[in-house]
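What follows is the residue order along each chain.
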Amino acid sequence: MHSQQPVTCWRQERQGPSAARNAAVRRAHGELIAFLDADDLWPPNTLASQVEILAGRPDAALVFGDCRQFDASGPRPRTLFAEGGFGRPAWGDRGIVPDAYSRLLRDNFITTGSVVAHRRALEAVGGFEESLGLVEDLDLWLRIAWRQPIAWNGTVCLMRRRHDANLSRRSEEMSLAYLDVLGRQEMLYGDELERRGISIQSLRAGEYLEMARRALRHRNYRAGAKWAHHAALAEPA
């Protein structure tokens, strides 16, 4: 897929990833939007395959693909789809993730750099939430999946650089950010979640319990007890 259009680079004061992506969407002229962080890579023909899928699924708000992580030692042997049991075994052959909203609440299987989205779908939900410093991508995919189908591509559409030290230090922050996103979903959709059989309370309790297990694995018994207590309070009677 080749373009004769020049590449334009914009700079702004550091305001976080959500503000940067929203600013880019506002300045873009095309109907389709793709995101790529500075240290990640698109394999050859990624955009062409994503555009082809969207052309065949006009009802889909976006399409995302598989992701292979790599670091200084080279690429990981298994992709994220393979590690998580995603793709055809989980979603079938229709090319659309069934019940994407409920599935995303339990596991964020969409890597932002693998996404090509319709501009109108991003604008309809207000783009990325700029108050969120982490898990802002999941928050956006959930708001989109509530309204429209989401398509998937079984090929690797992103090579993502992995920073192990950063990930391990931020595990608790990521969990707390995920809990914030659950709270936002509860405020946005309220009773409709119950009508769909979705229990935010159970998801919240499960995340607190995972935080407790993680703390205990690191012999942080005080934190483990605190998160276990939160899990007991969050679990519905």
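Owing to the predicted nature of the structure, the values given are computational and were not obtained by experimental measurement. (Residues numbered from 1 in each chain as written. Predicted model: local features only at pLDDT ≥ 70, side-chain atom pairs only at ≥ 80, totals over all residues. Heavy atoms only, no water.)

**Q** Which parts of the structure should I look at to understand the packing of aromatic side chains?
**A** Both the distance between ring centres and the angle between the ring planes are used here to describe each pair of aromatic rings. One pass over the structure, following the stated rule, counts 16 aromatic pairs. Taking 5.7 Å as the distance between ring centres and 75 degrees as the angle between the ring planes, the aromatic pair formed by Phe64 and Trp91 counts as edge-to-face. A residue pair is termed long-range when its members are at least 10 positions apart, and Phe64 in strand β2 (residues 62–71) and Trp91 in helix α4 (residues 88–91) qualify at 27 residues. Per residue, the accessibility class of Phe64 equals that of Trp91, and both read buried. Summarising the aromatic geometry, the rings of Phe86 and Phe109 are spaced 5.5 Å apart at their centres and angled 50 degrees between planes, so their arrangement reads as tilted. (Phe/Tyr/Trp six-rings, centres within 6.5 Å; stacked < 30°, edge-to-face > 60°. Helix = DSSP H or I, 4+ residues; strand = E, 2+ residues; numbered from the N terminus. Buried < 20%, exposed > 50% of the residue type's maximum accessible area, 1.4 Å probe, protein only.)

**Q** Quick question: what am I supposed to make of the pattern of salt bridges here?
**A** Two side chains with opposite charge may pair up if their charged atoms get near one another. Scanning the entire structure with this criterion turns up 15 salt bridges. We note a salt bridge from Arg204 to Glu186, for which the minimum N-O separation is 2.9 Å. In this pair, Arg204 is assigned in helix α10 (residues 200–217) and Glu186 in helix α9 (residues 171–195), connecting sequence segments 18 residues apart. (Salt bridge = Lys/Arg side-chain N within 4 Å of Asp/Glu carboxyl O.)

**Q** What is the right way to look at the confidence of the model for the chain in this model?
**A** Detailed reading of the predicted coordinates is not advisable wherever pLDDT falls low. Per-residue confidence for the chain gives a mean pLDDT of 92, with 95% of residues at or over 70. Model confidence for the chain, summarised as mean pLDDT per element, is weakest for helix α8 (residues 164–169) at 50 and strongest for strand β4 (residues 116–118) at 98. (pLDDT = per-residue confidence, 0-100.)

**Q** What should I look at first to understand the environment of Tyr178 in this one?
**A** Summarising the element assignment, Tyr178 is placed in helix α9. In this structure, the C-alpha to C-alpha distance between Tyr178 and Arg204, residues 26 residues apart in sequence, is 8.9 Å. Every residue in contact with Tyr178, bar those within four places of it in the chain, is listed here: Leu105, Arg106, Val135, Leu138, Leu203 and Glu207. Here the side chain of Tyr178 touches Leu105 through a polar contact of 2.5 Å, landing on its backbone oxygen. (Contact = heavy atoms within 4.5 Å. Polar contact = N/O pair within 3.5 Å; in protein donor to acceptor, adjacent residues only side chain to side chain.)

**Q** I keep staring at unusual backbone geometry and nothing clicks. Help me out?
**A** Leaving glycine out, the prevailing phi sign among residues is negative, and the prevailing peptide bond configuration is trans. In this structure, Asn45 is a non-glycine residue whose phi angle is positive, near 70 degrees. Here Asn45 shows up in the loop between β1 (32–34) and α2 (46–56). Positive phi, normally seen in glycine, also occurs at Val135, with a value near 60 degrees. Its relative accessible area of 11% is what places Val135 among the buried residues.

**Q** Sorry, what's going on with the nonpolar core here?
**A** Side chains of a nonpolar character, in soluble globular proteins, are inclined to be buried together. In terms of nonpolar packing, the biggest core is built from 53 residues, with Phe64, Tyr101, Leu104 and Trp141 touching the most fellow members. Breaking this core down by element, the ones donating at least two residues are β2, α5 (100–106), α6 (119–124), α7 (136–147), β5 (150–161), α9, α10 and α11 (221–234). Setting aside residues up to four positions removed in sequence, Tyr101 forms contacts with Leu142, Ala145, Trp146, Gln185, Tyr189, Leu193 and Ile198. The next biggest cluster of nonpolar side chains, apart from the first, holds 6 residues, and it includes Leu54, Ala60, Val63 and Val116. (Core = buried A, V, L, I, M, F, W, Y, C linked by side-chain atoms within 4.5 Å.)

**Q** It is not clear to me how the side chain of Asp40 should be interpreted in this structure. Could you clarify?
**A** Inspection of the secondary structure puts Asp40 in the loop between β1 and α2. Here the side chain of Asp40 touches Arg161 through a polar contact of 3.0 Å, landing on its backbone nitrogen. Setting aside residues up to four positions removed in sequence, Asp40 forms contacts with Leu158, Met159, Arg160 and Arg161.

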